[in-house]
Amino acid sequence: MQAEESLRILVGTEGDSFPLMEINAGEMMEDREKVFFGVRADSRIFDLYRTLLMEPEGPAARVQPARPAPIPATTRIRIVNFVLNSKTAAGDTLEDLVKDGVFETRFALHKGEDDLKKKWAQWRNMVNKQPIDDIRDYFGEKVALYFAWLGWYTYMLVPAAVAGLVIFLSGFSLFNASQISKEICEADDILLCPRGDHGRKYQRLSDTCVFAKLTHLFDNEGTVLFAIFMALWATVFLEIWKRQRARVVLHWDLYGWDEDQEEMALELINCPDYKLRPHQHSYLRSTAILTLCLLMICLMIGMAHVLVVYRVLAAALFNSALLFQEEQVTTAVVVTGALVHYVAILIMTKVNKRVALKLCDFEKPRTFSERESKFTVKFFTLQFFAHFSSLVYIAFILGRINGHPGKSVRLAGLWRLEECHLSGCMMDLFLQMAIIMGLKQTLSNCMEYLGPWLAHKCRLIRVKLGHASEDPELRDWRRNYLLNPVNTFSLFDEFMEMMIQYGFTTIFVAAFPLAPLLALFSNLVEIRLDAIKMVRLQRRLVPRKAKDIGTWLQVLETIGVLAVIANGMVIAFTSEFIPRMVYKYHYGPCRKGADPAVDCLTGYINHSLSVFHTKDFQDPIRIEGSENVTECRYRDYRNAQDYNLSEQFWVLLAIRLVFLILFEHVALCIKLIAAWFVPDVPQSVKNKVLEDKYRTLREKICSSRKSTDV
């Protein structure tokens, strides 16, 4: 079944047909395989639509013209699509007929898209400005706002990417000059305690020299400033986007548009006896939904624990099978763990979508827009835990509950829990972020493009092997039919993909300052990829009217707050920033005053490593090279006598907590000040709306006076 700019209008319930509900017979065409129905609706229904809303459709329609302006194609498709989704007199919808096999599908035709193909949907236009007004005229306001937001997000990523790159490259300037790296590279006489159960041997601290230098690239003094900068950036980005949105919707004459009014108008067009559905709230239903959501969140957290078990077992397997050298086992476990996490994300995405839909159906939202909003919140919440639960484990739990040499915590009493990388847990977090984000930006984008492209090409090949129609209109209908199908989630999935990417760009960015740069390159590709999919590879999306990006704005604001908390915790508990600063001013050679001849971090490595006496190992004979070794070192703050947590540990913990509170308060205050300093709506937009209200009131007063005089 094919739908043009206007489609058939269905009859109301109980045989009470609306006067304008006359079926305007379209065309029926068939070839050897398919029968196509082109259905049109009576044009008078669009006049009624304009009358019910009592507002102009175009940005230039401020004054009522002598002849009404033509209804845009996007509006015609939107109205008829709503009617097709409504029930017939028999109680069926078109979707029911599709399920019963009466029709195979329905779609709106791509017509007049050549201009968009040339100016927008081409890879060579990657750095060109997007024709937002043309996108709106063809796909509707909701799609146009998505691309306007994505374009602005990409533009704003430039300063964030430059700042992150500067922080990363600044580490290169200290690559060989860092006092900590020097001490590690020269520590040939310091032996680290064995980390695994198989192939146990002591390792020289100097063997970790390269990783120590690499860690300093993203774990340096600039990390704190970059985290605060990103908190400010996220706020400024959203505030300026709100201003951009206000200008765009004013230009489209949608500033005062009401979505509820639109949906009620469409209901009344389809059925004059439509009864208004009031807002309802059930505490029982909300409690049940909250309980189910918490159960799903627990499942997501359980998936993170499964990843922990995998990493523990993988470490034991890699050691026993001799697949890697002992110093490479941790890196191999981190890399394969990230791959397993990525596969788990792909699986849980499908599960989460089904669960979120079921929860929305159970909640019984009043309108489609309300259903979409509730689904957005539920699906994003589940997706957030699916994507970030393992990162939370690595950042704040990994290596912190393992005990100490000679008395290690074991999984099921058999396998030792996984340790952080020899150069610190920041390296684990950096690798996990780099692998997951890299895969999502490369592999996912490739599949997002190649999947529809290959599916479309296969359909075209099957048609060419058959026969080609001589009728140009039928050939055009078949061309549209052979494009990839779309559904209500087509645009939603694009938004969700960008929200998760935004989360990776801001949350834990202190551990991965290159995230904004990767996101920038990815978005330059994503804009054209989505454009090519929508114009060349997919059937035409049913236009949706909108004046903002809806619930996604609240999602972005929530991510901004979570980013402040997460980055503060990463700097406080995962990074070496706090221990370095405490040693520098409390324990180091500069505690009584700076000495130009001595680096203030001299002796930090020896201070940060605890001592373990090899005689306290349960089975010291099995350790390779243990004959002449009386003590080894490990990363922790414990006493050398009883291995209890030392005074330095508690001092550090107190300072970490104080720093976390100060960092979050300072960052949140900066966000609030920035939000106050940058108004959501430009003064020019406010003044324009004020002038329109003033002119309307003057016209009403003048017309009222004339009526009184008569």
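Residues numbered from 1 in each chain as written. Predicted model: local features only at pLDDT ≥ 70, side-chain atom pairs only at ≥ 80, totals over all residues. Heavy atoms only, no water.

Participant: Which parts of the structure should I look at to understand the overall build of the protein?
Facilitator: Scanning the protein from terminus to terminus reveals 22 helices and 11 strands. Here the protein, with 710 residues, has 50% of them falling under the buried criterion. Intrachain contacts of the protein at a sequence separation of at least 6 include 80% that bridge at least 24 residues. (Helix = DSSP H or I, 4+ residues; strand = E, 2+ residues; numbered from the N terminus. Buried < 20%, exposed > 50% of the residue type's maximum accessible area, 1.4 Å probe, protein only. Contact = heavy atoms within 4.5 Å.)

Participant: What exactly am I supposed to notice about helix α19 (residues 577–587) here?
Facilitator: An α-helical turn contains 3.6 residues, so any two residues separated by three or four positions project in the same direction. Taken together, the buried positions of α19 are occupied by Phe577, Ile578, Pro579, Arg580, Met581, Val582 and Tyr583. Against the buried residues of α19 lie α7 (179–185), α9 (222–251), α18 (551–574), α20 (604–608) and α21 (647–677).

Participant: Any chance you could explain the state of the cysteines here in plain terms?
Facilitator: By definition, a disulfide links the sulfur atoms of two cysteines through a covalent bond. This structure, assessed with the given rule, holds 3 disulfides. Here Cys185 is linked by a disulfide to Cys209, with a sulfur-sulfur distance of 1.8 Å. Its torsion about the S-S bond being 75°, the disulfide of Cys185 and Cys209 is classed as right-handed. Of this pair, Cys185 sits in helix α7 while Cys209 sits in helix α8 (residues 209–218), and the two are 24 residues apart along the sequence. For Cys209, a relative accessible area of 14% puts it in the buried group. Just so you know, Cys360 is unpaired, no disulfide at all, and the nearest cysteine sulfur is the one on Cys293, 9.0 Å from it. Accessibility expressed as a relative area gives 1% for Cys360, which makes it buried. (Disulfide = S-S within 2.5 Å.)

Participant: I keep staring at the pattern of salt bridges and nothing clicks. Help me out?
Facilitator: Any two side chains of opposite charge can pair, given that their charged atoms come close. Applying the stated criterion to the full structure yields 22 salt bridges. A salt bridge links Lys374 to Glu363; the nearest nitrogen and oxygen atoms lie 3.2 Å apart. Within this pair, whereas Lys374 is found in helix α13 (residues 368–396), its partner Glu363 is found in helix α12 (residues 326–363), the two being separated by 11 residues in sequence. By relative accessible area, Glu363 is classed as buried at 17%. The network of salt bridges with shared partners includes Glu113, Lys117, Asp476 and Arg479. (Salt bridge = Lys/Arg side-chain N within 4 Å of Asp/Glu carboxyl O.)

Participant: Explanation requested: the UniProt feature "transmembrane region" (unreviewed entry) in the protein in the structure shown.
Facilitator: Mapped onto this numbering, the UniProt entry gives "transmembrane region" (unreviewed entry) at residues 143–169, 223–241, 287–309, 329–348, 379–401, 499–529 and 549–573. A helix fraction of 100% and a strand fraction of 0% characterise residues 143–169, whose end C-alpha atoms lie 38 Å from each other. Along residues 499–529, the helical share is 74% and the strand share 0%, with 17 Å between the first and last C-alpha atoms. (UniProt positions renumbered as here; feature names shortened; annotations may be inferred.)

Participant: Hey, could you run me through the pairing of strand β10 (residues 609–613) in this one?
Facilitator: A regular strand places its side chains so that they alternate between the two faces of the sheet. Buried residues dominate β10, accounting for 4 of its 5 residues. For β10 and strand β11 (residues 631–635), the ladder comprises 5 bridges, and the chain directions are antiparallel. Residue pairing for β11: Phe612 is matched across the bridge by Cys632. (Pairing = 2+ DSSP bridges.)

Participant: Is there a simple way to explain the confidence of the model for the protein in this structure?
Facilitator: Should the pLDDT be low somewhere, the predicted coordinates at that spot are not to be read in detail. Per-residue confidence for the protein gives a mean pLDDT of 80; residues scoring 70 or more make up 86%. Here strand β1 (residues 2–3) stands out as the least confident element of the protein, with mean pLDDT 40; helix α5 (residues 132–139) is the most confident, with 92. Every residue in residues 1–25 scores below 50 in pLDDT, and together they form 81 contacts with partners more than four places removed in sequence or on other chains. Confidence over residues 55–66 falls short of pLDDT 50; this stretch has 20 contacts with residues more than four positions distant or in other chains. (pLDDT = per-residue confidence, 0-100.)

Participant: I tried to follow the packing of helix α6 (residues 141–173) against helix α17 (residues 515–537) on my own but got confused; where do I start?
Facilitator: Closest axis-to-axis distance for the α6/α17 pair is 7 Å, and the angle between their directions is 160°. Taken together, the axes of α6 and α17 lie roughly antiparallel to each other. Considering the relative orientation of α6 and α17, their crossing is left-handed. Contacts between α6 and α17 involve Val143, Tyr146, Phe147, Leu150, Gly151, Tyr153, Thr154, Leu157, Val158, Ala160, Ala161 and Leu165 on the former and, on the latter, Pro516, Leu517, Ala519, Leu520, Asn523, Leu524, Glu526, Ile527, Asp530, Ala531 and Met534. Tallied by class, residues from the contact of α6 with α17 come to 18 nonpolar, 3 polar and 2 charged. (Axes fitted to C-alpha atoms, helices over the stretch in contact; angles between N-to-C directions. Parallel < 35°, antiparallel > 145°, perpendicular 65-115°, else oblique. Left-handed = near helix turned anticlockwise from the far one by under 90°. Nonpolar A, V, L, I, M, F, W, Y, C, P; charged D, E, K, R; others polar.)

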